[in-house]
Each structure stands twice: as C-alpha cells, then as structure tokens.
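Geometric and topological summary
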Amino acid sequence: MNQILISGSKTKQQRFVISRFLYFICCFLVVGSLSAQVRLVEEEGDSTANVTRKRTLLNDSSESVYGPKTTLFFTEASLRYNREKFYEVDTALHSFHRFDPMGKANFLYQDLGNIGSASQPIFYQTPEVIGRQSGFHVYDLYFKDPSKFKYYDTKSPHTNLNANFGGGGRNMLDVFYTRNINPNWNVAFNFSTIRAAKQLNLTGRDDRMVTQDAYSIQTNYQSEDKRYKALAHFSRMNHVVNESGGIIPPALDSTSELFEYRDAKVFLQEAVAQDLRQSYHLYHQYELRKGLEVYHVMNKLNHFVRYSDQLEGIDSLYYPRYIFSTDSTRESFRFSEFSNEVGFKGLLSDVVYYNAFLKSRELSFRNSKIVGFDRISEVSIGGNLRGQIDDKWQFEAFLEYLITDAYQFGGKLIAPWIDISYTKSLVRPNFVQLRMRANHGDWTNNFSNIGSDVLGGVLKVDTKNVKFRPGLELARVNNHIFFDQSQVPAQANGEAFILQPKFDLSISWGKLRWLTSARYTSLSGAAADVFRVPELFANSQLYIDTPLFDEKLFIQVGLDVRWMSDYFADAYSAGLQQFHLQDDFLVYNYPVADVFLNLRLNRTRVFFKFSHLNAGLMEQEGYFTTPYYTGVPRVLDVGINWSFFD
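A quick note: this is a predicted structure, and the numbers were derived from the prediction, not measured. (Residues numbered from 1 in each chain as written. Predicted model: local features only at pLDDT ≥ 70, side-chain atom pairs only at ≥ 80, totals over all residues. Heavy atoms only, no water.)

**Some remarks on the environment of Ala-492**
When you line up the elements, Ala-492 lands in the loop between strand E25 (489-491) and strand E26 (495-509). On the basis of relative accessibility, which here comes to 7%, the residue Ala-492 falls in the buried class. (Helix = DSSP H or I, 4+ residues; strand = E, 2+ residues; numbered from the N terminus. Buried < 20%, exposed > 50% of the residue type's maximum accessible area, 1.4 Å probe, protein only.)

What follows is the structure in structure tokens.
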C-alpha cells in the first residue's frame, strides 16, 4: 500500500520535484556567483567574535565590505550575568537540513506528524517556572521564548531570508532584518510563517492543517558611557490548527486503513484550535559604581486559547464526554501574566558574579464557561552566584523561593573533564490541572505541589579525532500530575525514579563525520507507570564534509537516522489540547532514515533532503509519532538561506 502511495500520480510528482530542484539550483548559483565577487581580508590577530571589533575588511577596489564577522549578537543572559560575549551569525552547515522545530530539537519531542502540530517533550524535563502557569503548552515549541532572543551589534544592515519547502506542502518562511541606528542603538524585525498542508485526509491543494503568522520587533541600546543598557522586544504568534483527531481505528470502521496518508479517514472535519500569544519584554540595568549594578526585568504575556467543532457525523464519536452540548463545542481561555523583577548584581572579583532579586507575578486565568477570572499574585526572592576562571572551569549556585510554598535551588560545576549539576524543585500545579469547565471536561482539584530532584553528570573524553560524552542523569519525581486514560488530570501517589545513562559521540576521520546521541531510560517507583517513554532512543548522522573549488563551495552529503524502542506513547486530546495516557496503542520501534545534501557557496546555504527514505522498504508500512498519527511518507524537502550584509 505504501508503494502505491509513493508512486501515485507519479508523472506529475516527478515533474514537480524536478522543477523545484532546478529552480533552487538556479537561485543558488545566481546568488552564489554574486556573493563570490566580494572577498574578505582580515587583519592578523584574534579571530574570535568577542568584543574585539578592530578589523580591516577590504575588497579589490579598497571599498569597505561587510559580512558575518561584522554582524555580531549577544543574549540577555550574557548581559545579565556580566559575561558579555558576542557571536557571529550562523553560517554553518552542520544539521542545516534539520529545518523544522522537531529536527532542531534533536527529535526529543512527540508531535502529530506535521510541522506546527501539538507536541510535548518525550522525556522528563526540569521545570523552568516554579509558579502557576496556564497549562496550555502543546504549541510552546513554535513560540520564541523571551530568553531565546538574540540582540545585535552590526556594522552594516543585515538581512537573512530562510525559505523551507517541505514535501507534502510543509512550508516555512523566515525573514529577519537588523541594523544599527548608531554605534549604541540597534533595531531588528523578524517575520515568520508556517503553512503546513494536512498529511491526513487532504481534500485539496490549499487544505491546510497549520497556519501560523508570527513577528517580533526588538531593540537594544547602551548609553555613551555604557553605564545604562537596555533590551526590549514585542512578539506575537497566531497559530491556527485544523485538527483531525487522528485516523479512525479500523476496529471502529472496517474501511479505514492506517497508512492511507492523505486519503486516510479521520475523526474531525470541522475542529479548529487557535493559540494566540503576545509578549512584551524589557530588561535594563544601570551601573551605580564599578562592581555594582541594579537591574529590572518586565514581562507581559497575553495568551488566548480557543477551540471549536461542529459535532456532526463521525466527529461525535471522538470525544469522551459531552457536558454542555451535543451539537457543537465552543471553548475559549485567556491567560495573562505581568511579572517584574528588580535586583542588584555585580562582581565580587574578576571571576565571581553575584545577584539578588525580588520578583512579583500578577496572574489571571479566564475560562469562558466560568464567570469571572481566577487571579493570584506571586512573590519570590532569590539569588545567583557564578564563577568563571576560564572557559574550562566554571561553577554556579542558584536559589528562588516562592513565598510560601514553592522553591528551586541547585548548582553546576564545569571542569575540564567533567560537568556535574543538581536541581531540586517544588512547583505549583497549573490552572488547567486545578480547574476546568468545558464541553469535554469538567473538574475541580486540590492538588499538592510537584517535587523533583535531578542529578546529572557528564564525562569529557577528547582525543584528536574523537569527542565522547558519556553521562548519567537520575531524577526523582513525586506528586506528578498527568492526564489519565479517561482524559482528566490526576496526581500520582508516590515517587517515580528515572535513571538515564546516555552518551554523545563525535568522530572525525579525514572528511568523514559520525555523530551519535543515545540514551537508555529505566523507570522505577510507585509512580513509574505514569511516565511513558521509550526505553532506548538514538539518533545518528554519518556524512562526508568537504570543500570544493579552492574552498569556494562546501558540501555535506550523508545519512541522518533516528530510532526509538516500542512504547505506549501518550495519546492526544484535541478538545482539551492535552496529551494523556493510553494503554491500547503501541507505537512500535521503527528507524527513520533521511539522506541529505547541504551546500554553502559564500553566504548562501541550500539543502536537499529525502525524508523517510526507507519508506516501503521495512516490514511495517510506515511509522507513528502518536497513536493514530502517522509520520510523513517519503518526501523531498528543499531549503535555502540567503544572508545579505549591505
């Protein structure tokens, strides 16, 4: 059946693939030939992208030219922790073919088999926020967190265009522009879109599963004497998903088959989910005297969640319960957060940094079927102590105490041959876990806080051609909150212990590169069964990395493979926008192999990737990412990235 799907409308698909291939080759050669006319010549000296900016850049006509070495960025964390470090913009080929958010996250997330679909981490993650949150997180992967923004210092205007055309209509576009108004003030703008066609039950060319439009405006400024510095941005994401509910089980409909892909029979035809987020962020600091600074962080988040469906035909068989209506579902939720953090910081010596802070969070949560808002205020205090002798020796200790019932503290040591970290947390349940009133779920809970201890260590074994990072992580989680098989939240009685030996391996042999990451997970304790993870997980890349034509063209060609063992992966409830436990569908082990070609000519990068190359060659017809959601069949993905510096 899979072979039929791949070869269906063969002539038309071949013409489309060939025309796309030729189009991008032409674009690549034209842009590359234009870029090749510019040549950078650097002064001898430090080649790092740190604060040193004294470089001479000349072309054959002695005119100033610009490039990655004159367009640098830094992060808020580096400024906040007094470790200001500038980095060059990315022009690397490594993993360039992993263009979608899942690939960039090293496939450590579970999704619904399409770009922009609901997702969650496969493995347990240490919580970053100890206070109350909304509880709607399945689209977090597609929204840029304020801490992830990069702030720029440029010698010329910089534009980056990134276009990815995934097979099966999985398209992404990103446009970024930045420039310095003057040496102390930079502005930047970013616009991005996702247009992902349905991979299941496609009814037409423009029948999309995911439509996303997102943009951000940002700026950074420092005074002439550099005592005052400020970073600010506004970002907005409108993420709309036409939910399918997954493939109808053949046991429920004998005419439904699991690997019909675009001809599959699915539960939902009219269901639409929307996730709209707006974030305002400001960080600024002032140096009172050498070694002592005061700072303030403001963050405002508005998060709107909506879901609707007409309950007709097969749609009505999808939902577990109906509380308000059997004809239609209309849900809306609004979460708002306004946080302020004030503190002081400085250097105790040339290598030791400290800070102390007071933070407040004003939170509100509104459910359309409950009159009024749930409003709470949170106040926490904390501090941080960091030391950095050099790049090889660093330490950190941190503490945050949320008055009066939550906290997080821990530490980290980075040494030449080992990294060790420990974090202990006590975290409040989120709004959705505590209270929900909707057509497909109605509950009020009084859950306890969730506790966790996470201890990790990584050894560093380096030789000339080998980098080996064996590691071990042990997590203890108690009072874990999850959605059970009946799609309602529950709290585990007892503890779960998660033991994870893992390793990262990098081998270079001439022009050959082999990169592998793998982990084994062992679960124990009274609450072990509420964590559903594969016992074994691995991904690996094997490729040739070589320059051509006097190092004017760089190419990587190779194989990218990922695999995990059988496990009862969480199912997804579209109506609640939550993943939940299930015991009926085994997501079986299946290797997914992609073959890729990455190219760079001056400042232009291009990739060609055949995703799921082994489709139709295995015992199974395909693979699943989530129960009743298949991964993509064999498709050709193409992407191109242009960078301009004038």
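Here the narrative resumes, following the displayed structure.
**Let's talk about the nonpolar core**
Core analysis: the biggest nonpolar cluster contains 35 residues, and Tyr-139, Leu-268 and Tyr-572 have the highest contact counts within it. Those elements that place two or more of their residues in this core are strand E8 (185-197), strand E9 (208-222) and strand E10 (228-242). With three residues, E9 is the largest single contributor of residues to this core. In contact with Leu-268, not counting residues within four places along its chain, are Glu-243, Ser-244, Gly-245, Tyr-307, Asp-309, Asp-315, Tyr-318, Tyr-319 and Ala-574. Grouped together as the second largest cluster of nonpolar side chains are 16 residues, Ile-450, Ala-475, Val-477 and Ile-498 included. (Core = buried A, V, L, I, M, F, W, Y, C linked by side-chain atoms within 4.5 Å. Contact = heavy atoms within 4.5 Å.)

**Considerations on empty space enclosed by the protein**
For the structure on display, the rule yields five cavities of 30 Å³ or more. The computed volume of the largest cavity comes to approximately 520 Å³. Along its surface, the largest cavity is lined by 33 residues, and Met-102, Phe-107, Arg-562, Tyr-623 and Thr-625 are the ones closest to its centre. Listing elements by their share of the lining of the largest cavity, those giving two or more residues are helix H4 (101-104), strand E3 (109-110), strand E30 (553-564), strand E33 (592-601), strand E34 (604-611) and strand E35 (624-626). Here the element with the most residues in the lining of the largest cavity is E30; it accounts for three residues. Tallied by class, the residues present in the lining of the largest cavity amount to 18 nonpolar, eight polar and seven charged. One number sums up the size of the second largest cavity: a volume of about 90 Å³. (1 Å grid on protein atoms, 1.4 Å probe; cavity = no way out; pocket = protein on both sides within 12 Å on 5 of 7 lines; lining within 4 Å. Points joined across faces, edges and corners; volume = space filled by probe spheres on them. Nonpolar A, V, L, I, M, F, W, Y, C, P; charged D, E, K, R; others polar.)

**Considerations on a nonpolar patch on the surface**
On the surface, a cluster of nonpolar side chains totalling about 1,100 Å² of accessible area is made up of Leu-348, Leu-385, Ile-389, Trp-393, Phe-395, Leu-413, Ile-420, Leu-455, Leu-472, Leu-474, Phe-497 and Leu-499. Mapped by element, the contributors of at least two residues to the nonpolar patch are strand E23 (466-478) and E26. In this fold, Phe-395 is placed in strand E16 (residues 394-403). (Patch = residues over 30% accessible without salt bridge, like charges linked within 9 Å, V, L, I, M, F, W, Y side chains within 5 Å. Areas by Shrake-Rupley, 256 points an atom, 1.4 Å probe, with all protein chains shown as cover. Salt bridge = Lys/Arg side-chain N within 4 Å of Asp/Glu carboxyl O.)

**Quick word on the sheet that holds strand E5 (residues 150-154)**
Strand pairing in a sheet relies on backbone hydrogen bonds, with the paired strands running either antiparallel or parallel. An order of E2-E1-E5 is seen for the three strands of this open sheet, with the pairing classed as antiparallel. Each of the sheet's edge strands pairs with one partner strand only, and the pair in question is strand E2 (87-88) and E5. When strand E1 (residues 71-75) meets E2, the two strands line up antiparallel, connected through two bridges. Its bridge partner lying in E2, Leu-72 is registered against Glu-88. (Pairing = 2+ DSSP bridges.)

**What about unusual backbone geometry?**
Backbone geometry follows two general trends: most residues other than glycine have a negative phi, and most peptide bonds adopt the trans configuration. Looking along the chain, the bond that leaves Ile-403 and enters Thr-404 is cis, with omega of 15°. Examined against the element boundaries, Thr-404 turns out to sit in the loop between E16 and strand E17 (406-414). Unlike most non-glycine residues, Ser-95 shows phi in positive territory, near 60°. One can find Ser-95 in the loop between E2 and H4.

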